[in-house]
Amino acid sequence: MTARGTTPSRGEILKQLRTKHAAAVERTQALLREQKKMQQQLLAALREKPKTIPELAAATGLPSAKALWFVSALKKYGIVVQNGMSGDYPLYQEAEAK
């Protein structure tokens, strides 16, 4: 058995972990902020009218592959829906709020 006085409290352990991993937490938070910014840019572009991935990429300045990745994620979670076709490209629009 260990003596109660030598075992750090839960609060002390959490404080040590926060200090030890501060850089990783900051990197993760910065990445999440950047992703949120890109999501907002895409949704703002889609509010005007439905757009294809190349049109979204041009409107936001994102590479087409990155725009497709974000739109796919937004579609998966029901934030964006497919709305017809424009030539060979699907059109995407923001889903209606429920």
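Not measured: the values here are computed from a predicted model. (Residues numbered from 1 in each chain as written. Predicted model: local features only at pLDDT ≥ 70, side-chain atom pairs only at ≥ 80, totals over all residues. Heavy atoms only, no water.)

What should I look at first to understand the side chain of Thr-52 in this one?
Secondary-structure assignment places Thr-52 in the loop between helix H2 (22-48) and helix H3 (53-60). Here Thr-52 is in contact with Ser-86, Tyr-89, Pro-90 and Leu-91, once residues within four sequence places are set aside. (Helix = DSSP H or I, 4+ residues; strand = E, 2+ residues; numbered from the N terminus. Contact = heavy atoms within 4.5 Å.)

How should I be thinking about the environment of Gly-78 in this particular structure?
With respect to the helices, strands and loops of the structure, Gly-78 is situated in the loop between helix H4 (64-76) and strand E1 (80-86). Residue class for Gly-78 comes out partly exposed when judged on its relative accessible area of 43%. The spatial distance from the C-alpha of Gly-78 to the C-alpha of Thr-60 is 21 Å, given a sequence separation of 18 residues. (Buried < 20%, exposed > 50% of the residue type's maximum accessible area, 1.4 Å probe, protein only.)

For this particular structure, what's the right way to read the packing of H3 against H4?
When two helices pack together, their arrangement is given by the angle between the helix axes and the distance between those axes. Packing of H3 against H4 leaves a shortest axis separation of 9 Å and a crossing angle of 110 degrees. In terms of axis orientation, H3 runs roughly perpendicular to H4. Each of Ile-53, Pro-54, Leu-56 and Ala-57 in H3 lies in contact with H4, whose residues at this interface are Ser-64, Ala-67, Leu-68 and Val-71. In the contact of H3 with H4, the residues fall into seven nonpolar, one polar and no charged. (Axes fitted to C-alpha atoms, helices over the stretch in contact; angles between N-to-C directions. Parallel < 35°, antiparallel > 145°, perpendicular 65-115°, else oblique. Nonpolar A, V, L, I, M, F, W, Y, C, P; charged D, E, K, R; others polar.)

Sorry if this is basic, but what is going on with the pairing of E1 here?
Where E1 lies against strand E2 (residues 89-94), five bridges are found, and the strand directions are antiparallel. When the bridges of E2 are listed, Met-85 appears paired with Pro-90. Between the end of E1 and the start of E2, which pair antiparallel, lie two residues, with Gly-87 showing a positive phi angle near 70 degrees. (Pairing = 2+ DSSP bridges.)

Whenever I open this one, the nonpolar core confuses me. Can you help?
Counting residues in hydrophobic clusters, the biggest one holds 15 residues, and the most contacted among them are Leu-42, Ile-53, Leu-56, Ala-67, Val-71, Val-80 and Tyr-92. Mapped by element, the contributors of at least two residues to this core are H2, H3 and H4. Apart from the residues within four sequence positions on either side, Val-71 is in contact with Leu-42, Ile-53, Leu-56, Val-80 and Tyr-92. (Core = buried A, V, L, I, M, F, W, Y, C linked by side-chain atoms within 4.5 Å.)

Is there a simple way to think about the packing of aromatic side chains in this case?
Each pair of aromatic rings is reported with the distance of its centres and the angle of its planes. On inspection of all chains with the given rule, the structure shows one aromatic pair. Residues Trp-69 and Phe-70 carry aromatic rings whose centres are separated by 4.9 Å and whose planes lie at 85 degrees to one another, so their mutual orientation is edge-to-face. The exposure class assigned to Phe-70 is buried, which follows from its relative accessible area of 8%. (Phe/Tyr/Trp six-rings, centres within 6.5 Å; stacked < 30°, edge-to-face > 60°.)

Can you walk me through the packing of H2 against H4 in this structure?
Taken N-terminus to C-terminus, the directions of H2 and H4 make an angle of 85 degrees; their axes are 11 Å apart at the nearest point. Judged by the angle between their axes, H2 and H4 are roughly perpendicular. Facing Gln-35, Met-38, Gln-39, Leu-42 and Leu-43 of H2, the residues of H4 in contact are Lys-66, Ala-67, Phe-70, Val-71 and Leu-74. The residue inventory of the contact of H2 with H4, partitioned by class, reads seven nonpolar, two polar and one charged.

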